[in-house]
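Now for the letters of each chain:
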Amino acid sequence: MKPPKFCSNFNSSPETAQEVLRSSLLKALSSAKNTSQLRALHSWIIISGLGLSVVFSGKLISKYAQLKDPISSVSVFRTVSPTRNVYQWNSIIRALTRNGLFTQALGYYTEMRETKLQPDAYTFPSVINSCARLLDLKMGRVVHEHVEEMGFESDLYIGNALIDMYCRFGDLEKARYMFDEMSDRDSVSWNSLISGYCSNGFWEEALDMYHKSRMSGIVPDCFTMSSVLLACGSLTAVEEGLKIHGVIEKIGIGGDIVTGNGLLSMYFKFERPRETGRVFAEMAAKDSVTWNTMICGYSQLGWHEESVKLFMAMKDEFAPDVLSVTSTIRACGHLGDLRIGKKSLTQ
DNA sequence: CTGCAGTATG
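Residues numbered from 1 in each chain as written. Chains lettered and ligands numbered in written order. Predicted model: local features only at pLDDT ≥ 70, side-chain atom pairs only at ≥ 80, totals over all residues. Heavy atoms only, no water.

Under an unreviewed UniProt entry, the name given to chain A is Pentatricopeptide repeat-containing protein At3g03580-like isoform X2, and the organism recorded is Cucurbita maxima.

Peer 1: Would you mind going over the nonpolar core with me for this structure?
Peer 2: Looking at soluble globular proteins, one finds that nonpolar side chains tend to be buried together. Counting residues in hydrophobic clusters, the biggest one holds 87 residues, and the most contacted among them are I128 and I244. With seven residues, helix α9 (residues 156-168) is the single largest residue contributor to this core. With sequence-adjacent residues up to four places away left out, I244 is seen in contact with L207, Y210, M225, V228, L229 and C232. (Core = buried A, V, L, I, M, F, W, Y, C linked by side-chain atoms within 4.5 Å. Buried < 20%, exposed > 50% of the residue type's maximum accessible area, 1.4 Å probe, protein only. Helix = DSSP H or I, 4+ residues; strand = E, 2+ residues; numbered from the N terminus. Contact = heavy atoms within 4.5 Å.)

Peer 1: Is there a simple way to explain the protein's contact with DNA strand B in this structure?
Peer 2: Around DNA strand B, a shell composed of 37 residues is seen, among which Y87, D155, N160, D256 and L323 lie nearest. Near the protein, meaning within 4 Å, the atoms of DNA strand B are sugar or phosphate in a fraction of 46%, with bases accounting for the rest. At 2.9 Å, a backbone N or O of A121 approaches a base nitrogen of DNA strand B. Of all the secondary-structure elements, those providing two or more residues to the surface near DNA strand B are α5 (86-98), α7 (124-134), α9, α11 (187-199), α13 (222-235), α15 (257-269), α17 (288-300) and α19 (322-335). (Near = heavy atom within 4 Å. Polar contact = N/O pair within 3.5 Å; in protein donor to acceptor, adjacent residues only side chain to side chain.)

Peer 1: Looking at this model, I keep getting lost on the side chain of T259. Mind explaining?
Peer 2: Checked against the element boundaries, T259 lands in helix α15. Other than its neighbours up to four places away in sequence, T259 contacts C222, M225, L229, I248 and I253.

Peer 1: Explanation requested: the side chain of D69 in the structure shown.
Peer 2: Relative to the elements of secondary structure, D69 occurs in the loop between α3 (54-66) and α4 (70-80). The class of D69 is buried, set by a relative accessible area of 12%. Setting aside residues up to four positions removed in sequence, D69 forms contacts with T35, R39 and Y64.

Peer 1: Even after reading the chapter, I still don't get the layout of surface pockets, so can you show me in this structure?
Peer 2: To find leftover empty space, one rolls a probe the size of a water molecule over the atoms. What the largest pocket holds in volume is close to 590 Å³. What lines the largest pocket is a set of 21 residues, and nearest its centre among them are N129, D164, R168, V188 and S192. Of all the secondary structure elements, the ones that give two or more residues to the lining of the largest pocket are α5, α7, α9, α11 and α13. Broken down by element, the residue count for the lining of the largest pocket peaks at five residues, all from α7. A breakdown of the residues in the lining of the largest pocket according to their chemical character gives six nonpolar, ten polar and five charged. Counted as a void, the second largest pocket has a volume near 370 Å³. When contributions to the lining of the second largest pocket are tallied by element, the ones reaching two or more residues are α5 and α7. For the lining of the second largest pocket, the element with the highest residue contribution is α5, accounting for five residues. Of the residues belonging to the lining of the second largest pocket, the class tally is five nonpolar, four polar and four charged. (1 Å grid on protein atoms, 1.4 Å probe; cavity = no way out; pocket = protein on both sides within 12 Å on 5 of 7 lines; lining within 4 Å. Points joined across faces, edges and corners; volume = space filled by probe spheres on them. Nonpolar A, V, L, I, M, F, W, Y, C, P; charged D, E, K, R; others polar.)

Following this line, the structure appears as structure tokens:
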């Protein structure tokens, strides 16, 4: 008879000890905070003889990538190479993609196919993503063909990645076609298309899709709103913008920095600096985009004192960008205050 | 044991 579960830690049979070691290493692996912790853990994994295991090598590859050390991901992958395990290939392709090494990611994908190893549904999202970010239309088309050859076209994640890819290619018709053909859609599908319409300047279409998404019962989130606020601002759709602000408050995502920044810039485009000021004052978390948006917005509306004040307040915490520096210098010129202008640049 | 989406601009 097996010992009861709560006793298993005290059982010293070799199997169980190995299991305990495995699970503590896995737990430690997922909570590693930086690369030096991870390297220490990595050596323990090797000492325990688990370095070549599929699960541990895959997790090490992903963890190094998560900590922005894709070179180490590659070196782990080398220790298990050559491998015919798809999970390990997926891990290295994803590791390179998430660190912006798109060409290298596609290189591994090509190499994988050359070894006649079949990709699976998890392989494609990162591969499609790499094609998208490289604006590699040719490779994108080829990969899309692979997806269809393998019958993965109804996979939700792959479909969403394809929508995003065609949006980045500027082919909104194809993106829309992908969206319409999907057997099921989630909020990422809707958000990808809405954001694609926005980044290509199709503001009305973006708002139209937003309304369709609401009618289909999708609850908007911060991704939706960051796109839709931009559309309202660009169209100076004041009424719609106010309505969307109301929805943001109602569903409680006003605390999201990107959403807050979207509200700031929309109200500046509406030339409603008082609303902007109110939103700014209520923002619990601010980043450099927040400050730069405020400084440039006030300066554009001729509120020079406000913009200089904000510049002085931000520069201890965040680095101002070129634009807020130039607009502050201009603001100082308008105020006829050379002292502040000089101070704000030298301090 | 893995995969997809977001912000400001003299």
